[in-house]
Structures are given as C-alpha cells and as structure tokens.
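Spelled out, the chains give:
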Amino acid sequence: MDKIGVLFVCLGNICRSPMAEGLFIHQAEQSGLLQRFHIDSAGTSGHHIGEKADSRMRRTAQSYGVNLPSRSRKLEVADFEAFDYIIAMDKYNLQDIQTLNTGEGKAQVLMMRKFDPRPGNYSVPDPYYGGDAGFEEVYQILNRSNENLLSYLTKEHSL
Ligand code: 4NP
C-alpha cells in the first residue's frame, strides 16, 4: 500500500519544520500508524543545508521525549509530486512554497495552524531570534496541531 507523504516546510528547516516532523513521527508511532506515512521536512531558504535542527529546538523536543534526527534540506519542485501534503508554518512560507509550485504535482499545500484548535493568526511564530519561551510555544502549537492533523489524515485515508 502506498504511504501517505507529509512534508513540513518552514524557512530554515532547523526550528519549526523539524519539530513538526519529529512530533508527527512520535505521534504516529504512538498510534501504531507510522508505517502508513512518509514524513519529512524542508526549508524554503536553503541557508542551513545539512545542519541538524537548532540545539534550542532539539533541547525542547528532548524534554518531551521527542527526537529530531533530520538534517536541513531545501524544498524542491520534485517534492510537489513526491508528497501528498505540504504543510506550511506561516503565510510567508506559503507564498514561497507556491512560488515553486507548478501545480502539476499531486501535493495539497495546507497551513499547519488550520489544524490548531486555537489557530490565532494562523502562523507558527519563528522562534529563531527569540528566547526559550518561543521554542516552548512552537512545541505547544505543533503538538496540538499535529494531533488534529493525524486524526484528519486517519479519517481522510480510512487508516
Ligand atoms: P525556521 O527558523 O524557519 O523555523 O527553521 C529559522 C531558522 C533560521 C533563520 C530564520 C528562521 N535564519 O534567518 O537563519
């Protein structure tokens, strides 16, 4: 059976999208559904290619028992065919993602906080230039958004 491809995208692919990726893997694993998914993350900027997730994001993740093993890579045109869902962290990401989107791939491009029961302004705030509280906030937003994303996909694909 084909795996459901979910790609989380932010700007640098070292804070928000690796956190979203790690959390989704963690939650899917706990629900016994990990085998049904192909999960990855990418950035629109390409400024941190090959780097591990930011140490502050990894530390926050680790405090909740979540691992962030991925390395930064840049979003590419082929991703629109390789993944079923491309999930943007904020409206700037969405614009940058759509600039690259030829519309020929199968991917649906969605906003992460569309799945947040408390969506605020629909952006996952960029924590890079701020303090520890920003990383905690990103974790909390992504934790509750991903729970709903996983239930949405479970229903949508009859998992
Ligand atoms: P991310 O955060 O998009 O959540 O990975 C950022 C990481 C790096 C930079 C900006 C945002 N930067 O300007 O280097």
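Here, every reference points to the structure presented above.
Residues numbered from 1 in each chain as written. Predicted model: local features only at pLDDT ≥ 70, side-chain atom pairs only at ≥ 80, totals over all residues. Heavy atoms only, no water.

(A) Expanded view of the overall build of the chain. Secondary structure summary: the chain contains 5 helices and 4 strands in total. Secondary structure elements in the chain, listed N-terminal to C-terminal, are β-α-β-α-α-β-α-β-α. A compact globule built from 159 residues should have a C-alpha radius of gyration of about 15 Å, and the chain, at 14 Å, falls within 12% of that. Overall, the C-alpha framework of the chain stretches about 40 × 35 × 30 Å when taken along its three principal axes. A burial count over the chain gives 50% of its 159 residues as buried. Contacts in the chain between residues at least 24 apart in sequence constitute 73% of all its contacts with a sequence separation of at least 6. Here the chain has roughly 7900 Å² of accessible surface; of this, 48% comes from carbon and sulfur atoms. (Helix = DSSP H or I, 4+ residues; strand = E, 2+ residues; numbered from the N terminus. Rg over C-alpha atoms; globule rule 2.2 N^0.38 Å. Buried < 20%, exposed > 50% of the residue type's maximum accessible area, 1.4 Å probe, protein only. Contact = heavy atoms within 4.5 Å. Areas by Shrake-Rupley, 256 points an atom, 1.4 Å probe, with all protein chains shown as cover.)

(B) Representation of the side chain of Ser45. Looking at where Ser45 falls in the secondary structure, it is placed in the loop between strand S2 (37-43) and helix H2 (55-63). A relative accessible area of 18% means that Ser45 is categorised as buried. Among the polar contacts made by the side chain of Ser45, one reaches the main-chain amide nitrogen of His47 at a distance of 3.1 Å. (Polar contact = N/O pair within 3.5 Å; in protein donor to acceptor, adjacent residues only side chain to side chain.)

(C) Structural detail: unusual backbone geometry. Phi is positive for Asn13, close to 55°, though the residue is something other than glycine. Looking at the secondary structure, you find Asn13 in the loop between strand S1 (4-10) and helix H1 (16-30). Look at Asn13 and you get buried, because its relative accessible area is 1%. The backbone of Ser158 sits at a positive phi, close to 45°, despite the residue not being glycine. Mapped onto the elements of the fold, Ser158 is located in the segment after helix H5 (132-156). Taking relative accessible area as the criterion, Ser158 reaches 65% and is therefore assigned exposed.

(D) Structural detail: the sheet that holds strand S3 (residues 85-88). The 4 strands are arranged S2-S1-S3-S4 in an open sheet whose pairing can be described as parallel. Each of the sheet's edge strands pairs with one partner strand only, and the pair in question is S2 and strand S4 (108-111). When strand polarity is set aside, the average angle formed by the axes of neighbouring strands in this sheet is 25°. In terms of strand pairing, S3 meets S4 through 4 bridges, oriented parallel. Considered in S4, the bridge of Tyr85 is made with Gln108. The strands touched by H1 within the sheet are S1 and S2, with S2 carrying the most contacts at an inclination of about 170°. Sheet strands touched by helix H4 (residues 91-100): S1, S3 and S4. Its angle to S4, the strand with the most contacts, is close to 165°. (Pairing = 2+ DSSP bridges. Axes fitted to C-alpha atoms, helices over the stretch in contact; angles between N-to-C directions.)

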